[in-house]
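# Structure at a glance
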Amino acid sequence: MKIYNIFPRLAGRFGEWTPHLERAAAMGFDWVFVNPIQKTGRSGSLYSVADYFAINPDFVDRRSKLDADAQVRAMIAEAERLGLSVMIDLVINHCAVDSALVKEHPEWFVREGGRIANPFCVEADGAKVVWYDLAQFDHEHSSDRKGLEDFLHRVIAHLADLGFKGFRCDAAYQLPTELWKRLITRARKADPDLVFVAETLGCSPEQTRSTAGAGFDAIFNSSKWWDFEGSWLLEQYDLTRQVVPSISFPESHDTERLFLESGQNPNALRQRYLFAALFSTGVMIPIGFEYGFSSRLDVVNTQPDQWEGINVDLTHEIAQINQIKDRYPVFQSEGPIECLECSNPAILLLHKSHPKGQGEALIALNKDPWNRQYLRVENLYHYIRSPGPLRDVSLEWAMDFLPTPFEFDLAPGMGRVLVTQV
């Protein structure tokens with residue numbers, strides 16, 4: 001899955017999404033992920049859903065003759081015309097604290113001290129963050145678990161009826177695995193091709209494996225936070241890769257913009273997208289990454305008039321990387337990945353193999369997005385298991401012949417991509 005995230009608050013009304021869909025298709029993405037588009041509670045947060053069956057008026061074109069649901073269907077039809085499937089955020093671990101559900105079905109919610117509980121998380125520094133605009137569903141101990149589960153099924157069925165082919169399941173690990181199994185099984189009885197992707201960031205690999213066992217098609221991995229040092233990412237990847245495919249991203253709607261984080265260095269964007277796309281089965285970027293946007297996406301305050309100018313245009317390079325991913329099965333798999341020794345510690349040298357023997361890859365990535373780094377490998381063929389030959393499919397200055405020893409002066413953030421013929 002190659003996913004382009006259209007953030008509704010930046011994209012605006014549905015009738016204005018066509019240029020974004022066209023750009024996603026031109027870059028070689030095959031999925032569009034849309035954050036929640038349902039009516040929100042008073043806070044206005046996209047993730048504070050008040051009515052699961054009503055569309056947020058912020059995204060509805062009042063000049064259109066189509067009603068809100070029909071506008072969503074028309075947007076999805078346009079995406080599909082361009083070869084894109086559309087998935088939506090499925091937010092069912094909580095709802096808006098001022099949703100009518102809280103009064104109509106108080107038994108569906110966690111209670112603390114006689115009041116509806118607000119969900120929270122504990123940050124890495126130990127600070128507790130509470131979302132006071134949200135009410136936590138009680139999926140485990142509600143006295144009406146069947147009623148709540150039936151409601152969630154109706155939500156999924158309604159979104160599928162609108163035309164959504166997949167669901168990015170927000171904080172999936174917070175719901176019981178058995179509940180997910182029943183919801184996914186029930187949904188696929190109506191449409192066997194529905195795709196479910198679990199958002200499991202922040203939980204342990206063991207929790208991820210348990211959640212994935214419910215029937216999810218993919219999870220999101222934590223490669224965005226890897227500094228190309230240490231073993232933790234590869235260890236996490238190895239614990240989950242045989243259970244479920246994963247999706248990498250260089251930034252998301254939940255993170256700062258990489259262009260800002262990197263000191264407005266376009267080489268860092270190129271480096272990170274190349275790595276994300278080739279590391280795991282799937283890849284995702286949010287709207288604006290391709291143009292080096294700097295402003296973080298905000299679930300409450302972002303507006304369409306905050307569309308930024310083009311700081312850097314990576315659309316062509318992203319399309320090239322996506323073509324490499326499409327062309328070679330090794331980059332569409334969760335095959336074993338090994339970090340190899342390199343004489344220059346500023347260069348990351350990775351070996352990846354397809355789990356069913358459909359090719360191998362060597363990736364040499366300049367960790368340094370500011371300076372050139374010299375790469376020398378005595379014999380590239382010592383690193384591959386098959387007889388070869390190796391082919392250079394790098395974006396820039398691909399070599400027709402790979403000499404022994406192999407030497408290359410890597411530009412800042414540059415990657416060399418070598419694959420075996422299959």
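Residues numbered from 1 in each chain as written. Predicted model: local features only at pLDDT ≥ 70, side-chain atom pairs only at ≥ 80, totals over all residues. Heavy atoms only, no water.

Right, let's talk about the nonpolar core for a bit. Counting residues in each nonpolar core, the largest one holds 114 residues, and the members touching the most others are Trp-180 and Phe-331. Sort the elements by how many residues they give to this core and helix H10 (residues 266–279) lands first, with eight residues. The two domains that each donate at least three residues to this core are domain 1 (2–333) and domain 2 (338–420). (Core = buried A, V, L, I, M, F, W, Y, C linked by side-chain atoms within 4.5 Å. Buried < 20%, exposed > 50% of the residue type's maximum accessible area, 1.4 Å probe, protein only. Helix = DSSP H or I, 4+ residues; strand = E, 2+ residues; numbered from the N terminus. Domains from an automatic or database assignment.)

What follows deals with the side chain of Gln-71. Tracing the backbone through its elements, the reader meets Gln-71 in helix H3 (residues 68–81). Apart from the residues lying within four places of it in its own chain, the contact partners of Gln-71 are Phe-14, Phe-59, Val-60, Asp-61, Ser-64 and Leu-66. (Contact = heavy atoms within 4.5 Å.)

Turning to the pairing of strand S18 (residues 347–353), a few remarks are in order. When you tally the buried positions in S18, you get seven out of seven residues, the bulk of the element. Between strand S17 (residues 337–340) and the antiparallel strand that follows it, S18, lie six residues. Looking at chain direction, S18 and strand S19 (residues 360–366) are connected through seven bridges and run antiparallel. The residue of S19 that forms the bridge with Lys-352 is Ala-361. Following S18, the chain reverses through six residues before pairing antiparallel with S19; Gly-357 in that reversal takes a positive phi of roughly 80°. (Pairing = 2+ DSSP bridges.)

Here the focus is the packing of aromatic side chains. Within the structure shown, the criterion is met by 20 aromatic pairs. Centre to centre, the rings of Phe-220 and Phe-249 are 6.3 Å apart; their planes meet at 65°, and the pair counts as edge-to-face. Within this pair, whereas Phe-220 is found in strand S14 (residues 218–220), its partner Phe-249 is found in the loop between strand S15 (246–248) and helix H9 (258–261), the two being separated by 29 residues in sequence. Per residue, the accessibility class of Phe-220 equals that of Phe-249, and both read buried. Taken together, the ring pairs connect Trp-226, Phe-228, Tyr-237, Phe-275 and Phe-279 into an aromatic cluster. It is Arg-416 that lies over the ring of Phe-408; its NZ or CZ is 4.1 Å from the centre. (Phe/Tyr/Trp six-rings, centres within 6.5 Å; stacked < 30°, edge-to-face > 60°. Lys NZ or Arg CZ within 6 Å of the ring centre and 35° of its normal.)

With that out of the way, let us pick up the sheet that holds S18. With respect to topology, five strands assemble into an open sheet ordered S17-S18-S19-S23-S21, the strand pairing being antiparallel. Edge positions in the open sheet fall to S17 and strand S21 (390–392), since each of these has one partner strand only. If you compare each strand with its neighbour and ignore which way they point, the axes differ by 20° on average. (Axes fitted to C-alpha atoms, helices over the stretch in contact; angles between N-to-C directions.)

Segmenting the chain into domains produces domain 1 (2–333) and domain 2 (338–420). Each of domain 1 and domain 2 has a C-alpha centre, and these two points are 33 Å apart. Between domain 1 and domain 2 the total buried area reaches about 2000 Å² when both faces are included, carbon and sulfur atoms providing 69% of it. Three residues, Gln-271, Tyr-328 and Val-330, lead the burial of domain 1 against domain 2; their summed loss comes to 26% of the area buried on that side. At the boundary of domain 1 with domain 2, the tally comes to one salt bridge. For Glu-229, the salt bridge goes to Lys-367, with nearest N and O atoms at 2.8 Å. Remark: the boundary between domain 1 and domain 2 carries ten residue pairs in polar contact (both at pLDDT 80 or more). For the side of domain 1 that touches domain 2, the secondary structure elements donating two or more residues are helix H8 (232–240), H10 and helix H11 (315–327). (Buried area = accessible area lost by both parts, 1.4 Å probe. Salt bridge = Lys/Arg side-chain N within 4 Å of Asp/Glu carboxyl O. Polar contact = N/O pair within 3.5 Å; in protein donor to acceptor, adjacent residues only side chain to side chain.)

Any two side chains of opposite charge can pair if their charged atoms end up close together. Following the criterion strictly, the structure yields 26 salt bridges and no others. The residue Arg-73 makes a salt bridge to Asp-161 at a minimum N-O spacing of 2.7 Å. A residue pair is termed long-range when its members are at least 10 positions apart, and Arg-73 in helix H3 and Asp-161 in helix H5 (residues 145–162) qualify at 88 residues. Among the charged side chains, a salt-bridge network with shared partners connects Lys-2, Asp-30 and Asp-326.

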